[in-house]
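# What the coordinates show
Letter by letter, the chains look like this.
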Amino acid sequence: MSSGGDGIRAKHRIRCGGPVEAPDGSLVFEIDGRPHRARLRIEQLYQRLVAGISDRALDLLEIAAYVYAADSALPRGGLSDPGLGARWRRHLRFEIPVRDAVHWRRPGVLGPLTETLGLLSDDLYSFSFLEQERPPASGDYFDFGQDEGFMPDQVLLFSGGLDSLAGALDEVVNRKGRVVLVSHQSATKLQKVQRDLADGLRNKAGKDRIFHVPVTMHLLDRGNRESTHRSRSFFFAALSATVARAFGQNRVRFHENGIVSMNLPISGQVMGARATRSTHPQVLAGLSALLTALFEEDFHVDNPFVWKTKTEILAVIQHLGAKDLIPRTRSCGEVRQSTTMHPHCGLCSQCIDRRFGALAAGLEDSDPLAGYSVDPLSGPRVKGPDREMALGYVNNARRFASMSPTNFTTAFGEIQRVIGFLDEPAHAAVERTFRLHQRHGQAVTEVLNKEFALISSGGGGGRHHPDSLVMLAGQALFRMTPASVSVPIAAKPNETWQLVLDGPVVCIKGLGAVRGAEARLLTALAELHLEAIGQGKAPEDHPALAAGVLADRWDVNEETVRQQIRRLRKTLEKRALEAGLDQPGKDDIVENIPWQGYRLNPDRVQVRRTASSSD
């Protein structure tokens, strides 16, 4: 392994062979000279279908398997790796023998392949395609099923989670269609879950509507060393596309709620490779472009649930008469740690989202709390990434619920990666994206408020651990201590003060323009405020500027800075009084954070720039 020229990527050379080189039919490859093996098996397809799979589709299947295997074998350094360093972002250089090397080398194919993988994983990919001298037989990856002559209307990814269950139900119960469900089983614990759910769907819709294709792909010998699996959806798409081509179909469908699909960053620390983009609209567009170029005819990879929240997906399951299947689904990201008694850890983001969705949909009885190792809302959370992620989740939801459309687009610049890849005019895509996140935020906030009310009334029975998500969120929102939780939670929201940066002038809605030293002060704090929002930081994580830092910047003493703060506050109080407005409190606009300095109050202030000030 060597350090990349960009200073942040570790370079790895992956030389891939073929199943013909391994007597047991496994995929063999080397990473930086060290041998590895992986096993790929696809069940239930008919022999006559497999015989018709094209060389390019088989190449795609093998390339995706090698990419997924290498991704799993190369550790990034863990979520605690500081600064997204060299171990996190990797440069993966693949040498792969293929059946149609000339076609794979074409820019129209190679470009979407490397770009989409790079977007998915935040890694840098390069490929050298070699002519495969002895292609393995097409049947080497397949355990054949009985030929029943099944012909589907759709090919769906079927993970065994709530979203994929709702998608399958929508297709077979609501639309009366026939579907092929393609399931990847990286862990044996999921095999029974996926098969049981497929059987449950057959009972709901009829046996002639469901065809289940289980796929096993796992590393041999050394085993998994990296759990993030950012290339997973490329492997899923390749599997499903290969199966779809076998059935004569040119479309595959992922079903995932839009909040997870768009995956706006929870905080400044959840960026890049940490913020998974497995079904991001840009990724799905890239996969569609790759498969269209590869097969030289239109091929579509889409997500029909991009405008639904988790709560709304649970409502789909209930509406289609299948809430009894909810307990059989699995959402947890820590599959290997699950047990029969506790299939969900209760700590990961997937478990949190599942539990909030079930409570907001009124389906908590269909999501038994006994299935969680730790109660997602009331159980203890130790300090670390899981706690930060959980608080980021509820803080973001609270912001979504109260934001205006303008502040939403300002705070989350990531949506620019979304709107160009949705089948909507840009203005409509922005509006629908905002409304989607607003509904999600309102659902989460409603659940939290019910928990806060329960605690305040003394009806919680002491079940909320002092370090639980609900208690930690309550402390952050209301500055509560565990012993003083009876703060009113339905109070009228405080005034929001809107600041507009217009060159050397700062305008405050209702309070007029501020100029001179006071405007300079507000501008410095506003720039810091906008930077924190752009990084996706939660309000309590917004930084402050020390008086000494400002004094050095402007070549004045610290007392002068403090005097400017006092004068600014008095000016704004006077103007509010003259305008008949509620006077801003001491910390409502410029907030003093003890031992840190000054900042704009992130809960009370909204900032935007005029076009001229942005130039």
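Anyway, here's the lowdown on the structure attached to this text. None of the values given here were measured: they were computed from a predicted structure. (Residues numbered from 1 in each chain as written. Predicted model: local features only at pLDDT ≥ 70, side-chain atom pairs only at ≥ 80, totals over all residues. Heavy atoms only, no water.)

A few words now on helix 10 (residues 310-319). All of the buried residues in helix 10 are K310, T311, I313, L314, V316 and I317. Next to the buried residues of helix 10 lie helix 5 (162-174), helix 11 (349-360) and helix 15 (426-456). Of the residues trailing helix 10, G321 is marked for its positive phi of about 70°. (Buried < 20%, exposed > 50% of the residue type's maximum accessible area, 1.4 Å probe, protein only. Helix = DSSP H or I, 4+ residues; strand = E, 2+ residues; numbered from the N terminus. Contact = heavy atoms within 4.5 Å.)

Before going further, it helps to examine the pattern of salt bridges. Across all of its chains, the model carries 33 salt bridges by this definition. Here R15 ties to E95 by a salt bridge, and the two come within 3.7 Å at their closest N and O atoms. Taken together, the positions of R15 in strand 2 (residues 10-16) and E95 in strand 5 (residues 90-98) put the pair 80 residues apart, joining distant regions of the chain. We classify R15 as partly exposed; its relative accessible area is 44%. The salt bridge involving R106 is made with E296; its shortest N-O contact spans 3.8 Å. (Salt bridge = Lys/Arg side-chain N within 4 Å of Asp/Glu carboxyl O.)

What follows deals with the packing of helix 12 (residues 385-402) against helix 15. Across the interface, helix 12 lies against helix 15 with an axial gap of 7 Å and an inter-helix angle of 120°. Seen along the crossing, helix 12 lies across helix 15 with a hand that is left-handed. Facing helix 12, whose interface residues are Y393, V394, A397, R398, F400 and A401, helix 15 presents H437, Q438, H440, G441, Q442, V444, T445 and L448. Taken together, the residues of the contact of helix 12 with helix 15 break down into seven nonpolar, six polar and one charged. (Axes fitted to C-alpha atoms, helices over the stretch in contact; angles between N-to-C directions. Left-handed = near helix turned anticlockwise from the far one by under 90°. Nonpolar A, V, L, I, M, F, W, Y, C, P; charged D, E, K, R; others polar.)

On the basis of which strands lie adjacent, the open sheet formed by four strands has the order 15-14-13-18 and mixed pairing. Each having just a single partner strand, strand 15 (512-514) and strand 18 (605-609) make up the two edges of the open sheet. For this sheet, the mean inter-axis angle between neighbouring strands, taken without regard to orientation, is 25°. Across the sheet, helix 17 (residues 516-534) is in contact with strand 13 (497-502), strand 14 (505-508), strand 15 and strand 18; its angle to strand 18 comes to roughly 95°. Across the sheet, helix 19 (residues 558-578) lies against strand 14 and strand 15, angled at about 170° from strand 15, the strand it touches most. (Pairing = 2+ DSSP bridges.)

What follows deals with helix 5. Burial analysis of helix 5 places twelve of its 13 residues in the buried class, the great majority of the element. Of all the positions in helix 5, only L162, D163, S164, L165, A166, G167, A168, L169, D170, E171, V172 and V173 are classed as buried. One or two positions beyond helix 5, positive phi appears at K176, with a value near 60°.

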